[in-house]
Amino acid sequence: MASRLCLDSGLNRLEDDPKAPESPELRAKKKTFWFAYCLDKGLSLNFGRTSNFSDFDITVSYPSFPNTPITATYVVWLDLGKVQSQIYEKLYSAQGQLQSPES
C-alpha cells in the first residue's frame, strides 16, 4: 500500500533544482520514496513476487544526508535496493525465466 501511495503521489518523479539547496520537505519525500522502494524490492526478491516499482519509471535522485559516519550505510542500503531489483529480473521475471540456467 505504501508503494502504491508513493506512485500515486508522484514521489518517483520528483524533480530537483540543481541551483537550489534541497528543502526539508523535498528531502522527506525522497526519503519516503527510497525507503518504500528498498522495502518493496527486498520483499519482491525474497518472496518471488512482482515489484510495485518499475526502475525505468524512476527519476528521483537520492536524498542528501548529513555528512556523518552513518551516511554511507544509508547510501549502501539504497544501492542494495537497486541490486535486489536486478537480481529479481534475472531470477523471476518472464525474460529471466526464458534464459538458460547457465546464463
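Our subject is the structure that appears above.
Residues numbered from 1 in each chain as written. Predicted model: local features only at pLDDT ≥ 70, side-chain atom pairs only at ≥ 80, totals over all residues. Heavy atoms only, no water.

Along the protein, the regular secondary structure elements total four helices and zero strands. Walking the protein from its N terminus toward its C terminus, one meets helices and strands in the order α-α-α-α. With the C-alpha coordinates of the protein rotated into their principal frame, the extents come out at 50 × 35 × 25 Å. The buried share among the 103 residues of the protein stands at 31%. When contacts within the protein are restricted to residue pairs at least 6 apart in sequence, those whose partners lie at least 24 apart make up 63%. In the form shown here, the protein has an accessible surface area of approximately 7300 Å², with 59% of it arising from carbon and sulfur atoms. Across the protein, 11 positive and 12 negative side-chain charges occur, with their mean positions spaced 2 Å apart. (Helix = DSSP H or I, 4+ residues; strand = E, 2+ residues; numbered from the N terminus. Buried < 20%, exposed > 50% of the residue type's maximum accessible area, 1.4 Å probe, protein only. Contact = heavy atoms within 4.5 Å. Areas by Shrake-Rupley, 256 points an atom, 1.4 Å probe, with all protein chains shown as cover. Lys, Arg positive; Asp, Glu negative; His and termini not counted. Charge placed at Lys NZ, Arg CZ, Asp CG, Glu CD.)

What follows covers the pattern of salt bridges. Two side chains with opposite charge may pair up if their charged atoms get near one another. Under the definition given, this model contains seven salt bridges. For D57, the salt bridge goes to R13, with nearest N and O atoms at 2.1 Å. Highlighted residues: D57 in the loop between α2 (24–47) and α3 (71–91) and R13 in the loop between α1 (2–8) and α2, separated in sequence by 44 residues. You can call D57 partly exposed: its relative accessible area is 24%. A salt bridge links K29 to E25, with the shortest nitrogen-to-oxygen separation between them at 3.4 Å. Here K29 pairs with E25, and both are found in helix α2, just four residues apart, close to one helical turn. (Salt bridge = Lys/Arg side-chain N within 4 Å of Asp/Glu carboxyl O.)

Attention now moves to a nonpolar patch on the surface. Taken together, F35, L39, L43, F47, W77, L80, V83, I87, L91 and Y92 make up a surface patch of nonpolar side chains, about 940 Å² in accessible area. Listed by contribution, the elements that provide at least two residues to the nonpolar patch are α2 and α3. Checked against the element boundaries, F35 lands in helix α2. A relative accessible area of 48% places F35 in the partly exposed class. (Patch = residues over 30% accessible without salt bridge, like charges linked within 9 Å, V, L, I, M, F, W, Y side chains within 5 Å.)

This part takes up the layout of surface pockets. To find the voids left in a structure, one rolls a probe of water-molecule size over its atoms. Within this model, the largest pocket holds a volume of roughly 160 Å³. K41, T50, S51, F53, S54, D55, F56, S85, Y88 and E89 together form the lining of the largest pocket. Looking at which element gives the most residues to the lining of the largest pocket, the answer is α3, with three residues. (1 Å grid on protein atoms, 1.4 Å probe; cavity = no way out; pocket = protein on both sides within 12 Å on 5 of 7 lines; lining within 4 Å. Points joined across faces, edges and corners; volume = space filled by probe spheres on them.)

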